[in-house]
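# Residue-level structural notes
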Amino acid sequence: MLSVQDIDLYYGAAIALKTVSIEARPGAVTCILGRNGVGKTSLMRAICGRHPIAAGEIRLNGAPIHALHPESRARKGLASVPQGREIFPLLTVRENLEIGYAPLPRKDRTIPEEIFEMFPVLRQMLGRRGGDLSGGQQQQLAIGRALVTRPRLLLLDEPTEGIQPSIIKDIGRAIDRLRSKGPASGPTSEEAAEIRHAVATVRERGDIAIVLVEQYFDFARDLADTYYVMDRGEIVAQGTGADLKDPAREAEVRRHLTV
Ligand SMILES: Nc1ncnc2c1ncn2[C@@H]1O[C@H](COP(=O)(O)OP(=O)(O)OP(=O)(O)O)[C@@H](O)[C@H]1O
C-alpha cells in the first residue's frame, strides 16, 4: 500500500505540488489524471525519489520512504516506467530487460517467465535492438523491465504517450492483468483465456499496486479502480472507477482535462 500524505514539492521558488495526498492499494489501478504541466510527473518523481519533497510524507506498506534514495526505494519494491520509456536503442531487448537488475542481489538476477507470458512479443524479439521495436513494443519492454525487480508498487507515467490507439488497447489489457482482474470493456474469449492464465501467474507472485498517470480519459476510465484529478499542483477531484461511469462525474473530470 502506498500512502502519500500532504506533500509539497518545489522547483527553486516555484511550487509544483501543494499538499497532495493519494493512496494506492495492491491489486488496484490508481489513475492520476490532469492536463500537461499540472504536476503529475512531479508527483511520480516525488514518489520514486527523483526529486525531494519539502513537506509531508510518503509511506510504502507503513514505512516512511521519502528520505530514502531512489535505489533504496527500488529495493523496497518500487519500480517506475518514466515518461518517454527510456529504452536503450542500441541494446538488445534482453539487455534492456537486464538493466532492470540494477537494484537486485545477484541471486535474483533472472527475467521472470511471467513477463514473457504477459508480453510474448518480447520473447520473440529478445535478440533485436530496442530501437527496432515499435512504440507500443517499447512500452511493453519498459513495463517488462520494471517488472524484473518483482515490484510491489509500479508507477507508469503516461504509457500511452506517442502510441497508436490499437496498441493503447494492448497496453491497457496488460495493465489489467497485473491488477488480477478482467477488463471493464468486454474481452473476446481468447483474451479472456489469456487473462485468466495471467491472473493465475500474477496471483502466485502476489499483488502489485499500480499508479498510472494518464491524459486520455477513456484509457483511464477502462482501468481505474480509483482516480485523482490534478490541476495546478493540487488534487481537485477524486473518486472510484465506478464513479467515472457516471455521466456527471465524467463531465467534471473531462472539464479538468480540456485546455
Ligand atoms: N525540472 C524542472 N524545473 C523547473 N520546473 C519544472 C521542472 N519540471 C517541471 N516543472 C514545472 O512544474 C510544473 C509541473 O510539471 P510536471 O511535469 O509535473 O507536470 P505534468 O502534469 O506531468 O505535465 P506533462 O504531462 O507535460 O508531463 C510545470 O509548471 C512545469 O513547468
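Since the model is a prediction, treat every value here as computed from it, not as a measurement. Every chain is numbered on its own, with residues counted from 1 as its sequence reads. The predicted origin of the model limits local features to residues at a pLDDT of at least 70 and limits the giving and counting of side-chain atom pairs to 80 or more, whereas totals for whole chains, interfaces and linings rest on all residues. The basis for every side-chain value is the complete set of heavy atoms in the structure, and neither hydrogens nor water enter the calculation.

Counting buried residues in helix α1 (residues 40-48) gives 8 out of 9 residues, a clear majority hidden from the surface. Note on exposure labels: buried denotes an accessible area under 20% of the residue type's maximum, exposed denotes more than 50%, and partly exposed covers the range between, all computed with a 1.4 Å probe on protein chains only. We count a stretch as a helix when DSSP gives it H or I for four or more residues in a row; a strand needs E for two or more, and each element gets its number in order from the N terminus. Here α1 has its buried residues at Lys40, Thr41, Ser42, Leu43, Met44, Ala46, Ile47 and Cys48. Two residues or fewer past α1, Gly49 is found with a positive phi of approximately 90°.

Caution is warranted with low-pLDDT regions, since their predicted coordinates should not be read in detail. pLDDT expresses, on a scale from 0 to 100, how confident the predictor is about each individual residue. Here the chain averages 84 in pLDDT, and 86% of its residues register 70 or above. Contacts are residue-level and defined by heavy atoms, with any inter-residue pair within 4.5 Å sufficient. The model gives residues 181-206 a pLDDT under 50, and that stretch makes 32 contacts with residues more than four places away or in other chains.

To continue, consider the layout of surface pockets. Put simply, the grid is 1 Å and covers the protein atoms alone, a cavity is a trapped set of points that fit a 1.4 Å probe, a pocket is an open set with protein on both sides within 12 Å along at least five of seven lines, and lining residues have an atom within 4 Å of a point. Grid points are joined across faces, edges and corners, and a volume is the space filled by probe spheres set on the points. Volume-wise, the largest pocket comes out at about 550 Å³. Every residue lining the largest pocket is counted, 22 residues in all, and those nearest its centre are Arg50, Ala74, Ala79, Ser80 and Pro103. For this scheme, ten residues count as nonpolar: Ala, Val, Leu, Ile, Met, Phe, Trp, Tyr, Cys and Pro. Four count as charged, namely Asp, Glu, Lys and Arg, and the remainder, Gly too, count as polar. Partitioning the lining of the largest pocket into residue classes produces 13 nonpolar, 3 polar and 6 charged.

A word on the environment of Leu155. For Leu155, the location among the structural elements is in strand β7 (residues 153-157). With relative accessibility at 2%, the residue Leu155 sits in the buried group. For Leu155 and Val211, which are 56 residues apart along the polypeptide, the C-alpha to C-alpha distance reads 4.8 Å. With near-sequence residues (within four places) excluded, Leu155 lies in contact with Met44, Ile47, Cys48, Leu78, Ala79, Ser80, Val81 and Val211.

What follows covers the sheet that holds strand β4 (residues 55-60). Strand pairing follows a simple DSSP-based rule, namely that at least 2 bridges must link the two strands. Ordered in space as β2-β1-β4-β5, the 4 strands form an open sheet in which the pairing is antiparallel. Both edges of this open sheet fall to β2 (14-24) and β5 (63-64), since each of them pairs with a single strand only. Two elements, strand β1 (residues 2-11) and β4, share 5 bridges in a ladder whose sense is antiparallel. Paired with Ser3 across the strands is Arg59, a residue of β4. Contacts between α1 and the sheet are confined to β1, β2 and β4, with β1 contributing the most and set at about 115° to the helix. Helix axes use the C-alpha atoms of the stretch in contact, all axes being lines fitted to C-alpha atoms, and the angles between their N-to-C directions lie in the range 0 to 180 degrees.

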